[in-house]
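If you want the building blocks of each chain, they are given just below.
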Amino acid sequence: MGKMRTQSAPWRAAAVLASVLLVGGVAACGNSDTGGGGAKDDGKITMGFSQVGAESGWRTANTISIKEAATAAGIELKFDDAQQKQENQIKAIRNYIQQKVDVIAFSPVVESGWDTVLKEAKDAGIPVILTDRSVDSADKSLYKTFLGSDFVKEGKLAGEWLVEQKKTASGPVNIVELQGSTGAAPANDRKKGFAEAIAANPNLKVIASQTGDFTRAGGKQVMEQFLKANPKIDVLFAHNDDMGLGALEAITAAGKTPGKDITIITIDAVKDGMQALADGKFNFIAECSPLLGPQLMDLAKKVHAGQEVPARIETEETTFTSEQAKEALPNRKY
């Protein structure tokens, strides 16, 4: 039996090599000069990834997850930080097309304005995966799949919790909203979901809503403005933990007690946010997991091999109250 295995090994290796070359050809739409660089050389998949930036603890954890997962999956990662600018992402994607990477993945800074560059990638035979955020392109063939959270659902969960908490309120409940970056999918969708949920109680009113760009500094600055302009604020809804954490400083400086004088609801559930929730400074968090790396690398292998994948893949997430945050914190990875 040992002799037979020795004799058949070269045949099996040749068959595997032929299969890899065939798959590479399919993935590159039959053009050996585009999209199949990794397969032609050593069989290693090369991914070009353009990240939004490093605006929050969530984004940092997301970047670490992607880099570690690429290493674990044996995928060569070309990484670019767009520093919150769409033009930087478009430039990075065009560079990846020129470099003939096997797969392009990116988390779009904003939803609009991607059709031209995505068509360039499609024409080059390079599959594109959207991760964390989607685009509003009418042509769904410009990308293979979108992996990420349901941002509308996150906003709804935040709003539904507030409706339940304030169901006995007899008078107006004044809400201020710290929005994410203007035009970004999570900002648009979380605002929409929250508004739909609180419509169930006409006493719940958003009296001010402004972007804090998903940053702590932005959250602090805008919350300071809200507090000066509005003597009675009952609730803060922040589109992410970092803006909420910045707002804590402004609330405390104004002589108010966060979590008591002002109910604070945020989205993400990064470690610092969870600590604030456990300490009673936040009141509720809807989770948005940044640990997308392993799923992304699995998808990259599938689309590179020409396999069909679902057009939409949702990440599994939950919500946290203060008590639940205390339980979860010791084992929190981000």
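Predicted, not measured: the structure shown is a model, and the values here were computed from it.

Conventions we followed
- Residues numbered from 1 in each chain as written.
- Predicted model: local features only at pLDDT ≥ 70, side-chain atom pairs only at ≥ 80, totals over all residues.
- Heavy atoms only, no water.
- Phe/Tyr/Trp six-rings, centres within 6.5 Å; stacked < 30°, edge-to-face > 60°.
- Helix = DSSP H or I, 4+ residues; strand = E, 2+ residues; numbered from the N terminus.
- Buried < 20%, exposed > 50% of the residue type's maximum accessible area, 1.4 Å probe, protein only.
- Lys NZ or Arg CZ within 6 Å of the ring centre and 35° of its normal.
- pLDDT = per-residue confidence, 0-100.
- Contact = heavy atoms within 4.5 Å.
- Expected span 1.5 Å × (residues − 1).
- Pairing = 2+ DSSP bridges.
- Axes fitted to C-alpha atoms, helices over the stretch in contact; angles between N-to-C directions.
- Left-handed = near helix turned anticlockwise from the far one by under 90°.
- Salt bridge = Lys/Arg side-chain N within 4 Å of Asp/Glu carboxyl O.

Student: Looking at this model, I keep getting lost on the packing of aromatic side chains. Mind explaining?
Tutor: Given two aromatic rings, their pairing is described by the distance between the two centres and the angle made by the two planes. Scanning all chains against the criterion turns up four aromatic pairs. Judged by centre distance (4.0 Å) and plane angle (15 degrees), the rings of F194 and F237 are stacked. Here F237 lies in strand β8 (residues 235–238) and F194 lies in helix α7 (residues 185–198), a separation of 43 residues in the sequence. For F237, a relative accessible area of 0% gives the class buried. Its end group placed over the ring of F79, K67 keeps NZ or CZ at 4.5 Å from the ring centre.

Student: Explanation requested: the confidence of the model for the chain in the structure shown.
Tutor: If pLDDT is low for a region, its predicted coordinates should not be looked at in detail. The predicted model of the chain has a mean per-residue pLDDT of 89, with 87% of residues at 70 or higher. Here residues 1–40 is modelled with pLDDT under 50, and outside its nearest four sequence neighbours on either side it reaches 33 contacts, counting other chains as well.

Student: Please clarify how helix α3 (residues 57–73) should be interpreted in this entry.
Tutor: Helical geometry: 3.6 residues make up each α-helical turn, so side chains three or four residues apart lie on a common side. Over its 17 residues, α3 runs 24 Å from end to end, which matches the ideal 24 Å to within 8%, given 1.5 Å per residue. W58, R59, A61, N62, T63, S65, I66, A69 and A70 are the residues of α3 that are buried. In the core, the buried residues of α3 are packed alongside β1 (46–51), β2 (76–81), α9 (241–253), β9 (263–268) and α11 (293–304). Looking one or two residues past α3, G74 carries a phi angle of roughly 75 degrees, positive in sign.

Student: Help me understand the sheet that holds strand β4 (residues 128–131), please; the structure alone is not making it clear to me.
Tutor: Where strands meet in a sheet, backbone hydrogen bonds hold them as pairs that are either parallel or antiparallel. An order of β2-β1-β3-β4-β5-β11 is seen for the six strands of this open sheet, with the pairing classed as parallel. Each edge of the open sheet is held by one strand with a lone partner, namely β2 and β11 (312–314). This sheet shows a mean twist of 20 degrees between the axes of neighbouring strands, independent of strand direction.

Student: Whenever I open this one, the sheet that holds strand β10 (residues 284–287) confuses me. Can you help?
Tutor: Across the sheet, which stays open at both edges, the six strands sit in the order β7-β6-β8-β9-β10-β12 with mixed pairing between neighbours. Lying at the two open borders of the sheet, with one neighbouring strand each, are β7 (204–211) and β12 (319–320). In the sheet, β10 pairs with β12 via two bridges, with the strands oriented antiparallel. In the strand pairing of β12, I285 is matched with F320. Strands β6 (173–179), β7 and β8 of the sheet are contacted by helix α8 (residues 216–229), whose axis makes an angle of about 150 degrees with β6. Contacting β6, β8, β9 and β10, α9 crosses the sheet at an angle of about 155 degrees to β9.

Student: It is not clear to me how the packing of helix α6 (residues 151–165) against α7 should be interpreted in this structure. Could you clarify?
Tutor: Packed helix pairs are characterised by how far apart their axes lie and by the angle those axes make with each other. Interaxial distance between α6 and α7 falls to 6 Å at its minimum, and their mutual angle equals 35 degrees. α7 is crossed by α6, and the crossing has right-handed handedness. Packed against α6, whose contacting residues are F151, V152, E154, G155, K156, A158, G159, E160, L162 and V163, the element α7 presents A185, P186, D189, R190, K192, G193, F194, E196, A197 and I198 at the interface.

Student: Would you explain the pattern of salt bridges in this entry?
Tutor: Opposite charge on two side chains allows them to pair when their charged atoms are near. Summed over all chains, the structure comprises 18 salt bridges. In this structure, E177 engages K191 in a salt bridge whose closest nitrogen and oxygen atoms are separated by 3.0 Å. Of this pair, E177 sits in strand β6 while K191 sits in helix α7, placing them 14 residues apart in sequence. D298 is paired through a salt bridge with K302; the nearest N and O atoms lie 3.3 Å apart. With D298 and K302 both in helix α11 and four residues apart, this pair spans about one turn of that helix.

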